[in-house]
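# Structural description and commentary
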Amino acid sequence: MTCIANPLWNPWANDKALLELYQKRCRQLVPEMTCASQAAEILSSKINGNETLLDAGCGAGYYFWSFYNRKIPIEYFGIDYTPEMIELAKQEMCNSKSKLKSTNFILNTIENIEEEYDTIICFNVLTNNPHYALPLERLLKCTKKRLLLRESLDQDLVVRFTPDHYIDKDKTHIKVYHNTFPIDEVEKFIKEYGFKVTRILDERSKGNIEMVVDVPHRWQILLAERI
Ligand SMILES: C[S@@+](CC[C@H](N)C(=O)[O-])C[C@H]1O[C@@H](n2cnc3c(N)ncnc32)[C@H](O)[C@@H]1O
């Protein structure tokens, strides 16, 4: 079953400037994102043989380069519910250097993942979803070894559903979730699925509040490893 995000409410289907930035990331024309670099560094000591890795909410799939450039032996897959993102990934990321094929990029929601992967990473995604529980449960059930998450996590739950003034001018009425989820609750939730959890300081924001499209986020990285 395939589910895609409806462009009526999906900011990523209505943001040409962001697509241009993502294209540059695919072409490695802009500096590597600090969080992508940190994800690859964390996983480099964990991944031994050839393992599968799913990038959940992959955008245009440019995190691939962070693993490739560090020679981390993974078979990379990306999933995203925005058709424009998966199209861009297929156009930009599938070539003789990456050896990625269009089948490495899956158009679907996280909530529909059924395959299992050795590692799943999910960075900067759940915060933009109405709640974390359903997509996170799917991610945990489909993780064989480890799940690496970077989300806006703090002491208390804050639900924000606000217009995004940075997307295409005629689409700024579209409202987007920018939620902060309670870190203790999220950690307890993950442990219930048979994982141990390690909190890792986010290198980019260093534990401080970071404003993203005028909304405060406290980015935290959680490494969940199956016991
Ligand atoms: C803020 S972007 C982050 C992209 C990339 N992970 C990064 O850190 O640069 C969020 C991405 O997640 C996708 N996304 C959000 N919720 C999703 C869901 N429930 N299922 C699949 N994709 C989702 C969006 O389409 C978008 O491409």
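Located above this text is the structure these notes cover.
Below or above, wherever it landed, is the structure these notes cover. Since the structure is predicted, the reported quantities are computational estimates derived from the model, not experimental observations. Every residue gets a number counted from 1 within its own chain, in the order that chain's sequence is written. The model is predicted, so local features are restricted to residues of pLDDT at least 70 and side-chain atom pairs to those at 80 or more, both for listing and for counting; the totals for chains, interfaces and linings are taken over all residues. The basis for every side-chain value is the complete set of non-hydrogen atoms in the structure, without hydrogens or water.

## Observations regarding the side chain of threonine 109
Mapped onto the secondary structure, threonine 109 falls in the loop between β3 (105-107) and β4 (117-123). Each residue is assigned to one of three classes by its accessible area relative to the maximum for its type, calculated with a 1.4 Å probe on protein chains only: buried under 20%, partly exposed between the two thresholds, exposed over 50%. Judged by relative accessible area, which is 11%, threonine 109 ranks as buried. The contact partners of threonine 109, leaving out residues within four places of it in the chain, are Cys3, Ile79 and Tyr81. For helices the rule is a DSSP run of H or I covering at least 4 residues; for strands it is a run of E covering at least 2, with both sets numbered from the N terminus onward. Should any heavy atoms of two residues lie within 4.5 Å, those residues are counted as being in contact.

## Describing the nonpolar core
To form a nonpolar core, buried Ala, Val, Leu, Ile, Met, Phe, Trp, Tyr and Cys residues must be joined to one another through side-chain atoms within 4.5 Å. Counting 34 residues, the largest nonpolar core has Leu53, Tyr63, Phe67, Tyr76, Phe105 and Leu148 as the members making the most contacts within it. Taken together, the elements giving at least two residues each to this core come down to α1 (16-26), α2 (34-44), α3 (63-68), β2 (74-80), α4 (83-93), β4 and β12 (219-226). The element that contributes the greatest number of residues to this core is α2, accounting for 6 residues. The residues contacting leucine 53, other than those within four sequence positions of it, are Leu43, Ile47, Phe67, Ile74, Glu75, Tyr76, Phe77, Tyr117, Thr119 and Ile121. Counting residues in hydrophobic clusters, the runner-up holds 28 residues, among them Ile120, Leu136, Leu140 and Leu149.

## Things to note about the environment of isoleucine 209
Residue position: isoleucine 209 is located in the loop between β9 (195-200) and β10 (210-212). For the pair isoleucine 209 and glutamate 75, spaced 134 residues apart in sequence, the C-alpha to C-alpha distance is 34 Å. When residues no more than four places from it in sequence are discounted, the contact partners of isoleucine 209 are Pro216, His217 and Arg218.

## Examining the pairing of strand β1 (residues 51-56)
Side chains on a regular strand alternate between the two faces of the sheet. β1 sits mainly inside the fold: 6 of its 6 residues count as buried. Burial along β1 is two-sided: the face carrying Glu51, Leu53 and Asp55 and the face carrying Thr52, Leu54 and Ala56 are both buried. Examined bridge by bridge, β1 and β2 share 6 bridges and lie parallel to one another. Bridge pairing links leucine 54 to phenylalanine 77 in β2. Crossover handedness is defined by viewing with both strands directed away from the observer: a clockwise path from the first strand over the helix to the second marks the crossover as right-handed. Viewed along the sheet, the connection from β1 through α3 into β2 turns out right-handed. Here 3 bridges tie β1 to β4, and the two strands are oriented parallel to one another. The residue of β4 that forms the bridge with leucine 54 is isoleucine 120. If DSSP finds at least two bridges between two strands, the strands pair.

## Remarks on the site of the ligand
Near is defined per residue: the residue qualifies when any heavy atom it owns lies within 4 Å of the molecule or strand. Every one of the 21 residues lining the ligand counts as a neighbour, but Tyr62, Tyr63, Asp80, Thr82 and Asn124 are closest to it. Polar contact is the term for a pair of N or O atoms within 3.5 Å; when the atoms are in protein, one must be able to donate a hydrogen and the other to accept it, and sequence-neighboring residues count only if both atoms are side-chain atoms. Contact distances for the ligand include 2.9 Å between a nitrogen atom and a backbone N or O atom of phenylalanine 123. Three categories are distinguished: nonpolar for Ala, Val, Leu, Ile, Met, Phe, Trp, Tyr, Cys and Pro, charged for Asp, Glu, Lys and Arg, and polar for the others, with Gly belonging to the last. When grouped by side-chain class, the residues that make up the shell around the ligand number 10 nonpolar, 8 polar and 3 charged.

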